Amino acid sequence: LKPGSRNGAVRPHELIAQQGRPALLSRGLGARRMATMATRICEPGGAGMMFPMGGDFEANLHWFPRGIMYAAGMVYFFLGISIVADIFMSSIEQVTSRRRRRLIDGGRGGFRTEKLWNETVATLTLMALGSSAPEIFLAIIDTVKKRFHFGTLGPSTIVGSAAFNLLVIVAVCILVIPSDEVRVISNLPAFYITAAFSMAAYLWMAFIILGVSKDIVEIWEAALTFLLLPVLVYVSWKVDTGALDGVLTRLGIIDADKEEASSASEAGFFCFEKQDLRIAGSPEKQDVEIDVVLRREGGAPPALVGAARCRFRTEAMRAVPGYDYQETEGIIEFAPGEAWQRIQLHLPPKAWRGSDVDFLLILEDAEGGPGFDPDDDGGDESAILTVVLGAHGPRPGLVQKNVDALFGLDALALGGSQWVEQLRNCRYVNGSAEEQQDASPKDWLMHIIAFPWKALFALLPPTCLGGGWLCFVASLLGIALLTAGVSDLAELFGCVLDVPDIITAITFVALGTSMPDLFASISAAKDDPTADASIVNVTGSNSVNVFLGLGVPWTMAAVFWQVQGRTPEWEQMYPEVAARISGAAFVVEGGDLGFSVIAFCFVCMLALLLLHLRRRWLRAELGGPTVAKHASAGALLVFWLGWVAVVGCQVLRFGRPGADASEAAAAFSAAMALSLLVAAGAAFLIRQNRFTDESADVATTKVCAAGGGVIATVGGGDAAAAAAA
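In this text, all values refer to a predicted model and were calculated from it rather than measured experimentally.

A.B. asks: Before we go on, may I ask you to explain the overall build of the chain in this structure?
C.D. replies: Along the chain, the regular secondary structure elements total 24 helices and 15 strands. Within the chain, the proportion of its 725 residues that are buried is 48%. Sequence-distant contacts, at least 24 apart, represent 77% of the contacts inside the chain between residues at least 6 apart. Element-wise, carbon and sulfur atoms account for 61% of the exposed surface of the chain, whose accessible area totals about 33,100 Å².

A.B. asks: What is the right way to read the sheet that holds strand β6 (residues 276–279) from this model?
C.D. replies: Within a sheet, neighbouring strands are paired by backbone hydrogen bonds and run either parallel or antiparallel to one another. Here 5 strands make up an open sheet; going across it, the order is β6-β13-β11-β8-β9 and the pairing mixed. Two strands close off the open sheet at either side, each with one partner strand: β6 and β9 (329–334). Here the strands of the sheet are splayed against their neighbours by 25° on average, with no regard to which way each runs. As paired strands, strand β8 (residues 308–316) and strand β11 (residues 357–367) are joined by 7 bridges and run antiparallel to one another.

A.B. asks: In this structure, what is going on with a nonpolar patch on the surface? I would like to understand it.
C.D. replies: A cluster of nonpolar side chains, contributed by F207, V212, W220, L224, F226 and L227, occupies part of the molecular surface with about 580 Å² of accessible area. If you tally residues by element for the nonpolar patch, the top one is helix α8 (residues 219–240), at 4 residues. Assignment of secondary structure puts L227 in helix α8.

A.B. asks: In this structure, what is going on with the packing of helix α21 (residues 626–654) against helix α22 (residues 661–688)? I would like to understand it.
C.D. replies: What describes two packed helices is the angle between their axes and the distance between those same axes. The contact between α21 and α22 brings their axes to 9 Å, and the two run at 175°. Here α21 is positioned roughly antiparallel relative to α22, judged by the angle of their axes. For the pair α21 and α22, contact is made by V627, A628, A631, S632, A635, V638, F639, V646, Q650, R653 and F654 and by E663, A664, A667, F668, A671, S675, V678, A679, A682, L685 and I686, respectively. Partitioned by chemical class, the residues of the contact of α21 with α22 number 17 nonpolar, 3 polar and 2 charged.

A.B. asks: Would you explain empty space enclosed by the protein in this entry?
C.D. replies: To find leftover empty space, a probe the size of one water molecule is rolled over the atoms. Throughout the structure, instances matching the rule amount to 2 cavities of 30 Å³ or more. In this structure, the largest cavity occupies an estimated 60 Å³ of space. Looking at the lining of the largest cavity, its residues break down into 5 nonpolar, 3 polar and 3 charged.

A.B. asks: What am I meant to see in the pattern of salt bridges here?
C.D. replies: Two side chains carrying opposite charge are able to pair once their charged atoms lie near each other. Tallied over the full model, the rule gives 30 salt bridges. Between E491 and K145 there is a salt bridge, with its nearest N and O atoms 3.0 Å apart. Taken together, the positions of E491 in helix α14 (residues 469–497) and K145 in helix α5 (residues 119–145) put the pair 346 residues apart, joining distant regions of the chain. Residue R278 is joined to D356 by a salt bridge in which the shortest nitrogen-to-oxygen separation is 2.9 Å.

The rules behind these values
- Residues numbered from 1 in each chain as written.
- Predicted model: local features only at pLDDT ≥ 70, side-chain atom pairs only at ≥ 80, totals over all residues.
- Heavy atoms only, no water.
- Helix = DSSP H or I, 4+ residues; strand = E, 2+ residues; numbered from the N terminus.
- Buried < 20%, exposed > 50% of the residue type's maximum accessible area, 1.4 Å probe, protein only.
- Contact = heavy atoms within 4.5 Å.
- Areas by Shrake-Rupley, 256 points an atom, 1.4 Å probe, with all protein chains shown as cover.
- Pairing = 2+ DSSP bridges.
- Axes fitted to C-alpha atoms, helices over the stretch in contact; angles between N-to-C directions.
- Patch = residues over 30% accessible without salt bridge, like charges linked within 9 Å, V, L, I, M, F, W, Y side chains within 5 Å.
- Salt bridge = Lys/Arg side-chain N within 4 Å of Asp/Glu carboxyl O.
- Parallel < 35°, antiparallel > 145°, perpendicular 65-115°, else oblique.
- Nonpolar A, V, L, I, M, F, W, Y, C, P; charged D, E, K, R; others polar.
- 1 Å grid on protein atoms, 1.4 Å probe; cavity = no way out; pocket = protein on both sides within 12 Å on 5 of 7 lines; lining within 4 Å.
- Points joined across faces, edges and corners; volume = space filled by probe spheres on them.

By themselves, these are just geometric observations and shouldn't be taken as functional.
Dropping the structure here:
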């Protein structure tokens, strides 16, 4: 304590200055920026986009309670982001679930009902945006808030989040799988492509920061960063369609002698008698029976050994559930000797219908031997019947007819009822009065804490309106608003404790933005029969973080300074750069950020190598024998802790002016050697504790049971390939 100081205490940055050492933030280009730009956000007169809200009174409070207050504020805003992000993902699922009917061979080959969005394109665009939106918005807001000068918080959060996703989330997913079960990546080409693009993204990031245009990001560099996203999407789409199978075969990623699945099945096919069914409109309630047939090619009876079953469900097209038809789902089962079953559909009474509408009845998830005819609508994964409901009743007026054609009166009515329902249900614990009766004290506590966010986001439009796009835009704006608050709170937290932004970003902020992904990945690892949702989504998201999270704001900033030109403030902030170039440019402080990226690339390569060795020796990426499982997860966690420690040492000690270069080189060499030693030890334990052929059979069979299907048991080195198949 220093007598006479504010609140009787010395703040960290004041103590450092009094001891004759520069503050942690005061070095290099950052020091000139602090001297040139406005007052620091935590000092009297400082301001952000949303915080601080207490003015000079808040600025004069003791630094310790302020630090706690800002940390608690970040946690609370992260909770709000996780809630609105769930709504955002629901809107994306609604958008990407829309289907269309396509003619085959001009109508001679019938129709094919397919999704508007290719699954790979949707995953790498909308789905990746949903999981990475906080990091992307943080980078954009950080750049705009600093008047298109470089901000460390956004880019460092992207790198920190990538490290947490690849090292911590994958490690936890490895651990949560029981030791007698495994999860295998089924879409290996997608994994290799996204992993390669992920590595290339961060190597490219290091190149543009530390490469030929040192400390400067030019327009072409930033624009190319953004354009790499459509390149990734295009390559992944071509792989998904099979156009690059020859290349992948030569690279050894897919099997050269892969056999095509036969269109015929000895057990037969689940199918409908026809692919279209038209039902005349009626103001009365209608019950319609649909026949499901089990048949073989040539008319031979199905060769069933035991019971066969499949799931059925309805899916909306232009028809509105609850108004045009009643949603239904269930399971139909065929005993040996049975060739048909019936599904009953219920159509509620409707006074009039201005135009024809349709919905789908879908068979999927076949078990017991039979499959689906690849020549029918739905292909070999499902069977689809399109049910068309005819127009009936009095002719609507012109206005009513046009409104119904543009927006759908029934869809608007459904959206209004769901909107009222979500406003009503937000007051209940776990979302409904029934669920609230079984709520635990922990559920009540979390509900009370999160209620302000639940009440606020209950105002967002439901996903059924506008095909999900209204909710998509509204929830995206909600994420942007909360991310602006996180940006201010993180900057305030680092300012009052005098912690550099890069340290705050790779620890507190990266963990906060990645927590929803952690819980989602744990759930996917337990529930899904494959490891795709746990690992492939991580590598894809890490790529999109760079391409969007840096490509967009850095392109904006580079274009801004190219158009704006030099200003006295810019010249004062960057005198060395001003002496090197003519005009102005977007200047990036690349020292600590570039180091963190290079260090991440090193541990990223080790992590991907461990995953490759797990597939080779354990025949799976997740789960496996206890010792091997803990060795893999432990190594990944050590990599993450070591990366954070090394970056912290660089920022707080070795990156400061006057630091001993030989000491830094020795420390970093020791860290690399230790990482390699940990990787070698983990690889040794994986190899020594790999599955025997018998245990591999048991583990693979359990994976198949979890996926609801049956495949041949697997032994030897082909277990992973068969499990993936």
